[in-house]
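# Close look at the chain arrangement
So you can see what is in the structure, the chains are spelled out below.
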Amino acid sequence: MIARANPSEAASASAMADHPHVVKIDRDGRLLHADARVAELHHALGGAEGEVLAIPALLDLARHAMRLGMRLSRPLTIVGPKESVDLWCDCEPGAQGIDLRISQWRERPLPEAETAAPLPIFVPSSETSVDIRVDPLGRILHVQDMVMLPADWDAERVTLKPVGALIATEDGAPLVLADCHNGVRVRLIGDPRCWTLYRTRSDAGAGWNLLLTEAPAAPEPQAAPSPPPLFDGERLAHMFGSQIGPALRQPIGRIIANAETIGGRLEGPLRSDYAGYAGDIASAGRHLLALIDDLAELEAIEASGFSAASEPVDLADLARRAAGLLALKAADRSIRIDKPAEDESLAATGEFRRVLQVLLNLLGNAINYAPDGSMIWLRLDEGPDWASVTVADQGPGLSEEDQQRLFNKWERLGRSGDGGSGLGLYISRRLALAMQGDLTVESAPGQGARFTLVLPKI
């Protein structure tokens, strides 16, 4: 239960301005004690007895001090239903919770709500999602930078507006946050597209985070449509590169960027084990992005009519480029790459970026499975009408049975922990075949593996 001070101790804003007051919350952010004015604001913003402090600015500062394990002091502005309060807050974390000492309390009434039309907003056509943060009363606290407002609008005219000033229902009515549900279709004022809205609690109850993702336009109604199949596999198979992949890349990229910021201790001191956790999160995010790229590539090469360009390429130059791009990865494990000499060249016919993609996959696999301190060779060969480049390693090798399965889709031969998707070699061979060539393997258990990309000569 919140322990409230005697109302006579904080009878006016001037009294709070002259005498510091203490707010106590536990380590989970629940309010334990507050003077009458702070407790009143907590309840006005949707908080209740024993619940998380519903004043976002104070809660953010307290949690930041808890994460850093150090005392923080700074000026804050908190906004209630009818007033804005400027104050100074000293925040000190302890074993049982956090003490917030508030001083220099200055209240001013909020301006009367404007009766003008809702704010216009313009979202660049290249963006596919929008993040908006609102307080417990549904007022806008922050709109992410990717939402570009017209030049004559500034941030102060957007913040503290009702969320309905920027978001409308699909029918055009102002959005009422309490009445909507996840997955509802909405519109941004002034933007012709349709969006899908998802909301999550912010800071364990102090407001909401809203994520809007661009939704495809609703199909035109048809007379007596036939019932859709329960699972349209063909349609789903062609959605990844154009819709699912782009929708996943942005949030995963944001996760990676935030994890790298935390792991790099750019926001302040951090325990080494937590920095390690952040590094693991970033690594997992990069693995997910690689998988998304593989799935998008898989969709492209399996589409009807897929073909590769036919242009002159130098296999020696491409082998040297692949070795240079993966040199640091190999050096981390003391693996040496023996690449073609600078004066070597071998002309063939293929598509430059596709040949490089295949060589990067073959060389990356060799580095993953070769022992530390070993050697990898990139060798060139040619015949009357063909040219080839071979990637040879000193890894564990492959049995005849494994070689038969190696180029199958999703095949990983029981290996785990290397972050692979089981698509790399399947995609590489499909690309080689599309360039009128082939990808082959020679190996034996304990004798490493030799992968050879063969292409037509010019």
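Residues numbered from 1 in each chain as written. Predicted model: local features only at pLDDT ≥ 70, side-chain atom pairs only at ≥ 80, totals over all residues. Heavy atoms only, no water.

## Re the overall build of the protein chain
Within the protein chain, the secondary structure is distributed over 11 helices and 19 strands. Of all 458 residues assigned to the protein chain, the portion counted as buried reaches 39%. Taken as a whole, the protein chain presents about 24600 Å² of accessible surface, with 54% of it coming from carbon and sulfur. (Helix = DSSP H or I, 4+ residues; strand = E, 2+ residues; numbered from the N terminus. Buried < 20%, exposed > 50% of the residue type's maximum accessible area, 1.4 Å probe, protein only. Areas by Shrake-Rupley, 256 points an atom, 1.4 Å probe, with all protein chains shown as cover.)

## Overview of the environment of Ala319
The topology assignment puts Ala319 in helix H7 (residues 315-325). Placed 61 residues apart in sequence, Ala319 and Leu380 show a C-alpha to C-alpha distance of 9.0 Å. Those residues within four positions of Ala319 in sequence are excluded, and the remaining contacts are Pro340, Leu359, Leu378 and Val389. (Contact = heavy atoms within 4.5 Å.)

## Focus: the packing of helix H9 (residues 352-369) against helix H11 (residues 424-434)
Interhelical geometry of H9 versus H11 gives an angle of 145° and a closest axis separation of 10 Å. The chirality of how H9 crosses H11 is left-handed. Along its contact with H9, which presents Arg354, Gln357, Val358, Asn361, Leu362 and Asn365, the element H11 presents Gly424, Leu425, Ile427, Ser428 and Leu431. (Axes fitted to C-alpha atoms, helices over the stretch in contact; angles between N-to-C directions. Left-handed = near helix turned anticlockwise from the far one by under 90°.)

## Some points on the environment of Glu344
Along the chain, Glu344 turns up in the loop between strand S14 (336-338) and strand S15 (347-350). Residue class for Glu344 comes out partly exposed when judged on its relative accessible area of 37%. Glu344 sits 30 residues away from Asp314 along the chain, and the two C-alpha atoms are 9.4 Å apart. Glu344 has contacts with Asp314, Ala316, Arg320 and Leu380, leaving out every residue within four places of it along the chain. Among the polar contacts made by the side chain of Glu344, one reaches the main-chain amide nitrogen of Ala341 at a distance of 3.0 Å. (Polar contact = N/O pair within 3.5 Å; in protein donor to acceptor, adjacent residues only side chain to side chain.)

## Side note on the packing of H7 against H9
Relative orientation of the contacting elements H7 and H9 amounts to 50°, with a least axis distance of 9 Å. Comparing their axes, H9 and H7 come out oblique. The handedness of the crossing between H7 and H9 is right-handed. In this structure, H7 contributes Leu315, Asp317, Leu318, Ala319, Arg321, Ala322, Ala323 and Leu325 to the contact, and H9 contributes Phe352, Val355, Leu356, Leu359, Leu360 and Leu363. When grouped by side-chain class, the residues that make up the contact of H7 with H9 number 12 nonpolar, no polar and two charged. (Parallel < 35°, antiparallel > 145°, perpendicular 65-115°, else oblique. Nonpolar A, V, L, I, M, F, W, Y, C, P; charged D, E, K, R; others polar.)

## Concerning the confidence of the model for the protein chain
On average, residues of the protein chain carry a pLDDT of 78, and 78% of them reach 70 or more. pLDDT under 50 marks residues 1-16. Its contacts with residues more than four places away, or in other chains, come to 37 contacts. This stretch, residues 113-126, has a pLDDT under 50; its non-local contacts, to residues over four places away or in other chains, come to 34 contacts. (pLDDT = per-residue confidence, 0-100.)

## Some thoughts on the environment of Arg187
Of note, Arg187 is situated in strand S10 (residues 184-188). Here the alpha-carbon distance between Arg187 and Ala173, two residues 14 residues apart in the chain, equals 9.5 Å. With residues up to four places along the chain from it excluded, the contact list for Arg187 reads Leu166, Ile167, Ala168, Thr169, Glu170, Pro192, Arg193, Cys194 and Trp195.

## Section: the packing of aromatic side chains
Using the criterion set out here, one finds two aromatic pairs in the structure. Between Tyr274 and Tyr277, the ring centres sit 5.6 Å apart and the planes meet at 85°, which makes this aromatic pair edge-to-face. Note that Tyr274 and Tyr277 are positioned in helix H6 (residues 272-301) at a spacing of three residues, about one turn of the helix. Its relative accessible area of 41% is what places Tyr274 among the partly exposed residues. Seen from their ring centres, Phe407 and Phe451 are 6.5 Å apart, and the 85° between their planes marks the pair as edge-to-face. Taken together, the positions of Phe407 in the loop between helix H10 (400-405) and H11 and Phe451 in strand S19 (residues 449-456) put the pair 44 residues apart, joining distant regions of the chain. When its relative accessible area of 9% is taken as the criterion, Phe451 is described as buried. Directly above the aromatic system of Phe407 lies the positively charged group of Arg429, at a separation of 5.4 Å from the ring centroid. (Phe/Tyr/Trp six-rings, centres within 6.5 Å; stacked < 30°, edge-to-face > 60°. Lys NZ or Arg CZ within 6 Å of the ring centre and 35° of its normal.)

## Notes on the pairing of S19
Of the pairings in the sheet, the one linking strand S17 (residues 386-392) to S19 comprises seven bridges and is antiparallel in character. Bridge pairing links Trp386 to Pro456 in S19. Sheet topology places strand S18 (residues 438-443) next to S19; six bridges connect them, and they run antiparallel. Paired with Asp438 across the bridge in S19 is Val454. In this structure, the hairpin formed by S18 and S19 is closed by a connection of five residues, where Gly446 is found at a positive phi of approximately 80°. (Pairing = 2+ DSSP bridges.)

## Structural notes on the side chain of Glu351
With respect to the element layout, Glu351 can be found in the loop between S15 and H9. Apart from the residues lying within four places of it in its own chain, the contact partners of Glu351 are Ala308, Ala309, Glu311, Val313 and Met435.

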